[in-house]
Amino acid sequence: MPPPSNDPFAGDNATGAEVRTGRAGEQAAATSGPSSSGADRREAQDVNQLRQGSGSSEATPLITANGGPAPATASRGSGSVVAAPPEQQSSTSMCKVVLMLACTMAIALAAGIAASPFILSKVGGLSKAGSEQENPGGGSAEEVKSTTSSAFLTPVASAIKPLISAGGGDEVTDARGEVQDYLTFDGDYDSIISQGKSQFLDECSQRLAPLQCLDVRAGSIVVQVAGLASVITQVREALDKVGLSLPGFPQLKVVPSTSGKASTKAVTTAKPKSTTPETTGIALTSTITTTLSDTGTTSSKTQTATLTTSTNPFPPGPFECKSDISFKAAKMMDKKGMALDDTTMAGCPSLINVNWPHTKENISSLRLFKSWDEGWSTTLDRKYVWKQLRDYVWRNNVKVLYGTMISCSEEQDDQDWQYVRELMKYIGSEYAMGLAVGNEVELIQYKPNISRKCVDGMFSGGYFFQKLASRADDLLDLEGFEDIPLTTVMGGYVLAGNPFINTKECGALAFLKRVVERFAGRWVFTWNVYPYFTPEFQMDQGIFHSCNQAMMKAVNFAIPSQLPTMLRDFRARMKAITGQDDDIMWLGETGWSYPMATTLNTAMRNCKPWSTVEMLELYYQNFLEWDLSLGPNVMGVDHAFYFSFRDSQNFGAHEGFGLETDCSSTHCKIQEE
């Protein structure tokens, strides 16, 4: 674990206000967010069409941290989500289902696509998907398990009341059924804790997981914790027996609580009704054993206390979405990562999945679109968000691809870069995967109300390249970051030229030649590819007006399919610049939307199975099982990111690319029917 000296917040004492904007405030953050106007929605669709015109789309380059100047404009997943239910879709006849199955198998054979038994087993579901849509709203735990209605749970506002005494037993409840409480230990705060507060909270959270140690202050030694009331009770009882033993601090003994145990009261409004811990998002499944040895003058004795929690204390696993479906054939997971949506980053940073949903595979890398946005509609404090993110990275040994924005506002770009540098130092260089400067900057020319001066200056005026070079120079002053990989993330629009588009408004070719020359082997090519938005897909010919051919080519990761085909094209064009076959190439984003993204405006908007949970399931499973290869005699992808944990917004318009719906969801979207 990196030393606490890297912590810019070390020694800060959390005030009552900071506590309210901490873990207990995440649900409030999840329920707030900018509303999307009709104009915003139209702008999103217009820009999306430009991405689709080159066969690749998604992201929000013009409004996210990496591509948009105005913080007032809703960035991708800007801390909130609108859980809009999918469109009502008519049922399909059994005849159509049978024809679809036969057609799909024929297409797979003709195209050389390996149609796995899993795909064939789901094909009927694809054909009839939409005939029975999930019912938005709550229900019993069994109802949530048997349907995906949990994907549309209404976010719940936090029920926060002022913290009371530090004597133990008084607590604040939040909407997930968790509480905040106090544990008081005998000892002198100034001599034991004051110079190592951050380290103490880190070690405390690890030891008491899944409880979170939020703060520690004087009054003997008072530790504020958050978690399930039942777990706090179990922890308190164990600590009464064995005390608190942390690697960097003396053994601490508990001052007896005046209440004896934590209250079990919690707010349950608008949640699935259940008496089990399952609705809290923390499963009480495994066992931690803590042993204390008290050595006397002539003999020694050992006391053992057993706590039932969700995982081992090093590292803890604070959150996994619940599902009765498991995927066991995941490949190359050390070279795959998750792109962190703004909904999770701004709304519930303590609920980042430790494992890939539906697997036992650890997530080993994250892509950040930005480090902070003053325009986020969130009640959470930046210090709290960064602390949760750092804890996640440290505990799970996760590599981070940082993103910094390029826009038409140099002032905002520089402020964003300042935040990124602070976060990089805070987390530590050993966890840095690289730095992405700009996200789909090639599309900034199409952002509404952009001045001609900005458009002319971005590529042909040299602003983009100069800022990237400046960021690289700044890294020379950050110890350990001097030589980290550099990249920018571009989409299919740049394929409009040979080898890349090179106009006054978008001089991608000239830009890439300059960065390759300047940064040589340090440069990484990164591309966003979304078959979901590909405009070339059309409805099938015939009386049934189906879309089987498009679905099969889009959802599959076999060599002739859409995503590998586009990435092979990118690699061939990269070679035209560098002359090399083995340049490092990352897939910056890919994913599938369920329910339908309001930014989808291709012919597939009329394909009822296109934006169903069955297609999401197929695409996600195939991504997990993909070995990153692109075909014979072609170098594969070096790293790939999937978007995303939770649904988010694009220009204020809802997109359903999350594997979970929002910060209030405890269940994954993908469930057995």
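Refer to the structure printed above.
In short, a report on the structure. The numbering scheme is per chain: residues are counted from 1 as the chain's sequence reads. It should be noted that, the model being predicted, local features are given only for residues of pLDDT at least 70 and side-chain atom pairs only at 80 or more, the latter also being counted only at that level, while totals for whole chains, interfaces and linings use all residues. Excluded from the side-chain calculations are hydrogens and water; all other atoms, namely the structure's heavy atoms, are used.

Some remarks on the pairing of strand β15 (residues 639-642)
Here is step 1 of the chain: The side-chain alternation of β15 yields two buried faces, one formed by H639 and F641 and the other by A640 and Y642.
Here is step 2 of the chain: A strand pair is defined by DSSP finding two or more bridges across the two strands. We count a stretch as a helix when DSSP gives it H or I for four or more residues in a row; a strand needs E for two or more, and each element gets its number in order from the N terminus. As defined by bridge partners, strand β14 (residues 585-589) adjoins β15 across two bridges and the pair is classed as parallel. Across the sheet, L587 pairs through a bridge with A640, a residue of β15.
Here is step 3 of the chain: In this region the chain leaves β14, passes through helix α18 (residues 613-625) and returns to the parallel neighbour β15; the handedness of that crossover is right-handed. In this scheme, a residue with accessible area under 20% of its type's maximum is buried, one over 50% is exposed, and one in between is partly exposed, where area comes from a 1.4 Å probe on protein chains only. Assignment of crossover handedness uses the view with strands pointing away from the viewer, where a clockwise path from the first strand over the helix to the second indicates a right-handed crossover.

Comments concerning the nonpolar core
Here is step 1 of the chain: By nonpolar core is meant a set of buried Ala, Val, Leu, Ile, Met, Phe, Trp, Tyr and Cys residues that side-chain atoms within 4.5 Å join together. Counting 122 residues, the largest nonpolar core has W610 and W626 as its most contacted members.
Here is step 2 of the chain: The dominant element in this core, judged by the number of residues it contributes, is α18, at eight residues.
Here is step 3 of the chain: In what follows, residue pairs with any heavy atoms lying within 4.5 Å of each other are defined as contacts. Here W626 is in contact with K331, M332, K336, F557, L563, L567, L587, V637 and A640, once residues within four sequence places are set aside.
Here is step 4 of the chain: Among the nonpolar cores identified, the runner-up in size contains 25 residues, and L183, Y189, V225 and L244 belong to it.

A short note on the sheet that holds β14
Here is step 1 of the chain: Read around the closed barrel, eight strands run β8-β9-β10-β11-β12-β13-β14-β15, paired in parallel fashion. Strand-to-strand, the axes of this sheet are offset by a mean angle of 25 degrees, without reference to chain direction.
Here is step 2 of the chain: Across three bridges, the pairing between strand β8 (residues 336-340) and strand β9 (residues 365-368) is parallel. Paired with M338 across the two strands is L366, which belongs to β9.
Here is step 3 of the chain: Of the strands in this sheet, β9, β10 (399-404) and β11 (432-439) touch helix α12 (residues 410-427), which is tilted by about 165 degrees from β10.
Here is step 4 of the chain: Inter-axis angles, ranging from 0 to 180 degrees, are taken between N-to-C directions of lines fitted to C-alpha atoms, where helices are fitted over the stretch in contact. On top of the sheet, helix α14 (residues 463-475) reaches β11, β12 (486-490) and β13 (523-528); it is set at about 155 degrees to β11, its chief contact.

Examining the packing of helix α8 (residues 197-207) against helix α11 (residues 382-396)
Here is step 1 of the chain: At a minimum axis separation of 12 Å, α8 and α11 run at an interaxial angle of 60 degrees. By the angle between their axes, α8 is oblique relative to α11. Two packed elements cross with a definite hand, and for α8 against α11 that hand is right-handed. Note on element contacts: α11 touches α8 through K387, R390, D391, W394 and R395, opposite S198, D202, S205 and Q206.
Here is step 2 of the chain: Counted by class, the contact of α8 with α11 contains one nonpolar, three polar and five charged residues. An angle below 35 degrees is read as roughly parallel, one above 145 as roughly antiparallel, one from 65 to 115 as roughly perpendicular, and any other as oblique. It is the rotation of the near helix from the far one that decides the hand of a crossing: anticlockwise by less than a right angle makes it left-handed, clockwise makes it right-handed. Gly counts as polar in this scheme, as do all residues outside two lists: the nonpolar Ala, Val, Leu, Ile, Met, Phe, Trp, Tyr, Cys and Pro, and the charged Asp, Glu, Lys and Arg.

Comments concerning the pattern of salt bridges
Here is step 1 of the chain: Salt bridges are identified by distance alone: a Lys or Arg side-chain nitrogen within 4 Å of an Asp or Glu carboxyl oxygen. For the structure shown, the criterion picks out 22 salt bridges.
Here is step 2 of the chain: Linking D414 and R471 is a salt bridge whose minimum nitrogen-to-oxygen distance equals 3.1 Å. Note that D414 is positioned in helix α12 and R471 in helix α14, a separation of 57 residues in sequence.
Here is step 3 of the chain: Judged by relative accessible area, D414 falls into the partly exposed class, the value being 31%.
Here is step 4 of the chain: Taking relative accessible area as the criterion, R471 reaches 2% and is therefore assigned buried.
Here is step 5 of the chain: In the salt-bridge network here, residues are joined through shared partners; they are D202, K387, R390, D391 and R395.

Structural notes on α8
Here is step 1 of the chain: Of all 11 residues making up α8, 10 are buried, and the element is well covered by its neighbours.
Here is step 2 of the chain: Every buried residue belonging to α8 is among K197, S198, F200, L201, D202, E203, C204, S205, Q206 and R207, and all of these are buried.
Here is step 3 of the chain: Where α8 is buried, its residues touch α7 (189-192), β3 (212-218), β4 (221-228) and α11.

Notes on the environment of V637
Here is step 1 of the chain: By secondary structure assignment, the location of V637 is in the loop between α18 and β15.
Here is step 2 of the chain: For V637, a relative accessible area of 6% corresponds to the buried category.
Here is step 3 of the chain: Counting along the chain gives 302 residues from V637 to K335, while the straight-line C-alpha distance between them is 8.9 Å.
Here is step 4 of the chain: Every residue in contact with V637, bar those within four places of it in the chain, is listed here: L567, M585, W586, L587, W626, L628 and L630.

A few points about the environment of V529
Here is step 1 of the chain: Along the chain, the position of V529 falls in the loop between β13 and α16 (548-555).
Here is step 2 of the chain: V529 sits in the buried class, given a relative accessible area of 0%.
Here is step 3 of the chain: Spatially, the C-alpha atoms of V529 and L563 are 6.6 Å apart, while their sequence positions differ by 34 residues.

A look at unusual backbone geometry
Here is step 1 of the chain: Y594 connects to P595 through a cis peptide bond whose omega is 5 degrees.
Here is step 2 of the chain: Within the element layout of this structure, P595 appears in the loop between β14 and α18.
Here is step 3 of the chain: Cis geometry is found at the peptide bond from F643 to S644, where omega equals 10 degrees.
Here is step 4 of the chain: Mapping S644 onto the fold places it in the loop between β15 and β16 (648-650).
Here is step 5 of the chain: Unusually for a residue other than glycine, N449 sits at a positive phi of about 65 degrees.

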